[in-house]
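Architecture at a glance
One letter stands for each residue in the lines below.
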Amino acid sequence: MDLLDDHLGGVRTRGAVFCRSLVEPPWSLRFIGPVPLALATVLTGDAWITLDGAAPVPLRKGDIALVRGTRPFTVADDPATPVGIVIEDESTCHTVGDGPALGADGLVLGPRTWGLGTAAAGADTFLFAEYPLRGDVGDRLLDSLPDLVIVPDGPELAPLTALLAVETTRVDPGQQIVLDRLLDMLLVKALRSWFARPEAEPPAGYRALADPRIGSALRAVHDEPGRPWTVATLAAEAGMSRAAFARVFTELVGMAPMAYVTEWRMTLATDMLRERGASVAAVARRVGYSDGFAFSNAFKRVRGRSPSAVLAEARQP
């Protein structure tokens, strides 16, 4: 297991919302609902995507846009095109501007497909999906992304977007599971492509995975976060002396080895404390602390509040 596995493994898609829009130019769709992470792509035609307060960015056919945060955004055939449809969430949308007002029922063209009834066979096709990231592990991934990421079309993405375009319109048994897994694959490939770019700022340790020695130690921590790790045991995983390991690890990851271990354990612990039936003592053991007091001290030092406070918050109705 590695960092991207851990960041996405606990937040894999389940019941993701898909919206396929068929629209003839000129067209403009405005998304105003808060979404932790959204994925958008143009299947036919080209478009522009504009976050509120930002400049328009081109979105070519097959490109993947990852949008994070609560800022509304607009996708249109041209940045100057007035908004024609406002989408609030998966079940609430309406037309604006000239012509008769239409609500969600009047815009449904088929399974997961919305648009105006005048949309012809040559209409542009835009696909939007909400990725339900939750928890501190998911937040760690979101914090490493800018508000808008554009991943250009490529040989790894094209087969998935083509398959997603077909599967979105189907109503076969198990269809939601098929769509969820396709979205997972598309997101992972898009993130890998983005994090490989020089301007990206991936989560701490991501680029260090390319180093065979430091990568071995990082994978060991993510495989067994509860193991009683020390600099010496981590150095042994990497096949290095303690001094050399600590120096290279800090250079590549951006923090000292045990600081990384502690930070990752507290990230996991925060989500574990929110699980049903969790207790401070049980979570402490799962992340490598035999002493609940020591765990509480470490948690408060890293997170700024006690694990008991997180536990109490999670139990509130």
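Residues numbered from 1 in each chain as written. Predicted model: local features only at pLDDT ≥ 70, side-chain atom pairs only at ≥ 80, totals over all residues. Heavy atoms only, no water.

**Here's the deal with the environment of leucine 183**
To be explicit about the condition: A run of H or I in DSSP counts as a helix once it spans at least four residues, and a run of E counts as a strand once it spans at least two, with each numbered from the N terminus. Here the term buried applies to any residue with accessible area under 20% of the maximum for its type, exposed to any over 50%, and partly exposed to those in between, with areas from a 1.4 Å probe on protein chains only.
Locating leucine 183 in the fold gives a position in helix α5 (residues 175-195). Relative accessible area serves as the criterion here: at 0%, leucine 183 is assigned to the buried category. Taking C-alpha positions, leucine 183 is 9.7 Å from phenylalanine 18, a pair spaced 165 residues apart along the chain.

**Describing the nonpolar core**
Keep this limit in mind: The term nonpolar core refers to a set of buried residues drawn from Ala, Val, Leu, Ile, Met, Phe, Trp, Tyr and Cys, joined through side-chain atoms within 4.5 Å.
Judged by nonpolar contacts, the single largest core of 35 residues is most densely connected at Ile214, Leu218, Phe245 and Phe295. Those elements giving two or more residues to this core turn out to be α6 (212-223), α7 (231-238), α8 (242-253), α9 (257-273), α10 (280-286), α11 (292-303) and α12 (307-314). The leading source of residues in this core is α9, at 8 residues. Membership of the second largest hydrophobic core comes to 28 residues, among which are Leu39, Ile64, Leu127 and Tyr131.

**Details of the side chain of threonine 267**
Rule in force here: Here a polar contact means two N or O atoms within 3.5 Å. Within protein one must be a hydrogen donor candidate and the other an acceptor candidate, and residues neighboring in sequence count only if both atoms are side-chain atoms.
Of note, threonine 267 is situated in helix α9. Within the structure, the side chain of threonine 267 is placed 2.8 Å from the side chain of arginine 303, a separation counted as a polar contact.

**Side note on the packing of α6 against α9**
The following threshold applies: Interaxial angle, 0 to 180 degrees, is taken between N-to-C directions of lines fitted to C-alpha atoms, where a helix line uses only the stretch in contact. Any angle between 65 and 115 degrees counts as roughly perpendicular, while under 35 counts as roughly parallel, over 145 as roughly antiparallel, and the rest as oblique. Crossing handedness is defined as follows: a turn of the near helix away from the far one that is anticlockwise and smaller than a right angle gives a left-handed crossing, while the clockwise case is right-handed. By definition, residues are in contact when any of their heavy atoms lie within 4.5 Å.
Here α6 crosses α9 at 30°, and the two axes come no closer than 11 Å. Considering their axes alone, α6 and α9 lie roughly parallel with respect to each other. With respect to the hand of their crossing, α6 and α9 are arranged in right-handed fashion. Across the interface between the two elements, Leu218, Val221 and His222 from α6 touch Tyr260, Val261 and Trp264 from α9.

**Concerning the pattern of salt bridges**
Opposite charge on two side chains lets them pair, provided their charged atoms get close. The criterion, for reference: Salt bridge, as applied in this entry: a Lys or Arg side-chain nitrogen positioned within 4 Å of an Asp or Glu carboxyl oxygen.
All told, the structure shown has 15 salt bridges when counted by the stated rule. Between aspartate 147 and arginine 68 there is a salt bridge; the shortest N-O distance is 3.6 Å. Taken together, the positions of aspartate 147 in the loop between α3 (135-142) and β13 (148-151) and arginine 68 in strand β6 (residues 64-68) put the pair 79 residues apart, joining distant regions of the chain. Owing to a relative accessible area of 30%, aspartate 147 belongs among the partly exposed residues under this scheme.

**Side note on the pairing of strand β3 (residues 37-44)**
Here is the rule we go by: DSSP calls a pair of strands paired once it identifies at least 2 bridges connecting them.
Here β3 lies mainly inside the structure; 7 of its 8 residues are buried. Pairing geometry for β3 and β6, over 5 bridges, is antiparallel. Across the sheet, residue leucine 39 finds its bridge partner in β6, namely leucine 66. Note: β3 against strand β12 (residues 124-131), 7 bridges, orientation antiparallel.

**Quick look at the pairing of β12**
Burial of β12 is extensive: 8 of the 8 residues sit out of reach of the surface. The alternating pattern of β12 places Asp124, Phe126, Phe128 and Glu130 and Thr125, Leu127, Ala129 and Tyr131 on opposite faces, both of which are buried.

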